[in-house]
Amino acid sequence: MGIYLLPLLLGFLFNLASAFTSTFSRRWGEQRGSLATFILRNILGIPVWALGYALAFGTPSPWLWAPRPLTQVLGWIFLAGGGLIIGAALLAIRARAAKPSARDSLVQEGLYARVRHPIHSGMFLELIGLFLLRPTRAVTLACAVGIVWVFIQTRFEEFDLLQRLPDYRPYMARVPRFLPRLRAR
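Residues numbered from 1 in each chain as written. Predicted model: local features only at pLDDT ≥ 70, side-chain atom pairs only at ≥ 80, totals over all residues. Heavy atoms only, no water.

On to the pattern of salt bridges. Counted by the stated rule, this structure contains five salt bridges. The salt bridge involving D104 is made with R164; its shortest N-O contact spans 3.0 Å. Of this pair, D104 sits in the loop between α5 (95-98) and α6 (118-133) while R164 sits in helix α7 (residues 137-164), and the two are 60 residues apart along the sequence. Per residue, the accessibility class of D104 equals that of R164, and both read buried. Several salt bridges share partner residues, and in doing so they unite D104, D160 and R164 into one network. (Salt bridge = Lys/Arg side-chain N within 4 Å of Asp/Glu carboxyl O. Helix = DSSP H or I, 4+ residues; strand = E, 2+ residues; numbered from the N terminus. Buried < 20%, exposed > 50% of the residue type's maximum accessible area, 1.4 Å probe, protein only.)

This is the structure we're talking about:
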């Protein structure tokens, strides 16, 4: 197995631990709980798993197929699309993304009116984009692990959001998790 898996999995574990804002806040108080989440997500989680992806991208590994111009263009489209979705979602939730707290309010406008986890939806697109740009065994494995992680992270975050936000349960019933509903006209 590649060395890239170590930072990838370690970063995912730190990120996963950041989904316990309500537990940290009950134990250590709201400010310290929010700070713990901030450190786990933004200092230990995201940068470490991003390093894992950078290492996977640079790891010499057999190609699953030879990259073609079409797959390269599609890869960049998926990366850009995922980045735009993530950027728009982060603008909508602002500081709640970086430093969630027990006093957060539920955002139900913009992308969040259509899907509950647009950041995670954007991550799926970016992982597909990475795979299309560099279809090696290493990148494929890293992206597959990332997709599994997004599903697990989402479940943990929803458990935390149900504890912190009283309006989250009815919101869950109304709004799909990753893909918007297509309405018939």
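Let us look at the nonpolar core. L8, W49 and Y53 are the most contacted members of the largest nonpolar core, which totals 21 residues. At the level of secondary structure, the elements contributing two or more residues to this core comprise α1 (5-17), α3 (30-58), α4 (69-93), α6 and α7. Top contributing element to this core by residue count: α7, with six residues. Leaving out residues up to four positions away in the same chain, L8 has contacts with V48, W49, G52, Y53, A142 and V145. Formed by eleven residues, the second largest nonpolar core is a distinct cluster that contains I93, L165, Y171 and V175. (Core = buried A, V, L, I, M, F, W, Y, C linked by side-chain atoms within 4.5 Å. Contact = heavy atoms within 4.5 Å.)

Axis separation between α6 and α7 bottoms out at 9 Å; the angle between their running directions is 175°. The angle between α6 and α7 falls in the class roughly antiparallel. Facing α6, whose interface residues are H120, M123, F124, L127, L130 and F131, α7 presents V139, T140, C143, G146, I147, W149, V150, F151, Q153, T154 and E157. Its residues placed into classes, the contact of α6 with α7 shows eleven nonpolar, five polar and one charged. (Axes fitted to C-alpha atoms, helices over the stretch in contact; angles between N-to-C directions. Parallel < 35°, antiparallel > 145°, perpendicular 65-115°, else oblique. Nonpolar A, V, L, I, M, F, W, Y, C, P; charged D, E, K, R; others polar.)

Space inside the largest pocket adds up to approximately 810 Å³. In this structure, the largest pocket is lined by 40 residues; those nearest its centre are I93, A97, I119, H120 and E157. Put simply, the parts of the chain that give the lining of the largest pocket at least two residues each are α3, α4, α5, α6, α7 and α8 (168-174). Ranked by residues supplied to the lining of the largest pocket, first place goes to α6 with seven residues. Space inside the second largest pocket adds up to approximately 190 Å³. Forming the boundary of the second largest pocket are I85, L111, R114, V115, P118, S121, F124, L125, F178, L179 and P180. In terms of residues, the lining of the second largest pocket owes the most to one element, α6, which gives four residues. In terms of residue class, the lining of the second largest pocket is built from nine nonpolar, one polar and one charged. (1 Å grid on protein atoms, 1.4 Å probe; cavity = no way out; pocket = protein on both sides within 12 Å on 5 of 7 lines; lining within 4 Å. Points joined across faces, edges and corners; volume = space filled by probe spheres on them.)

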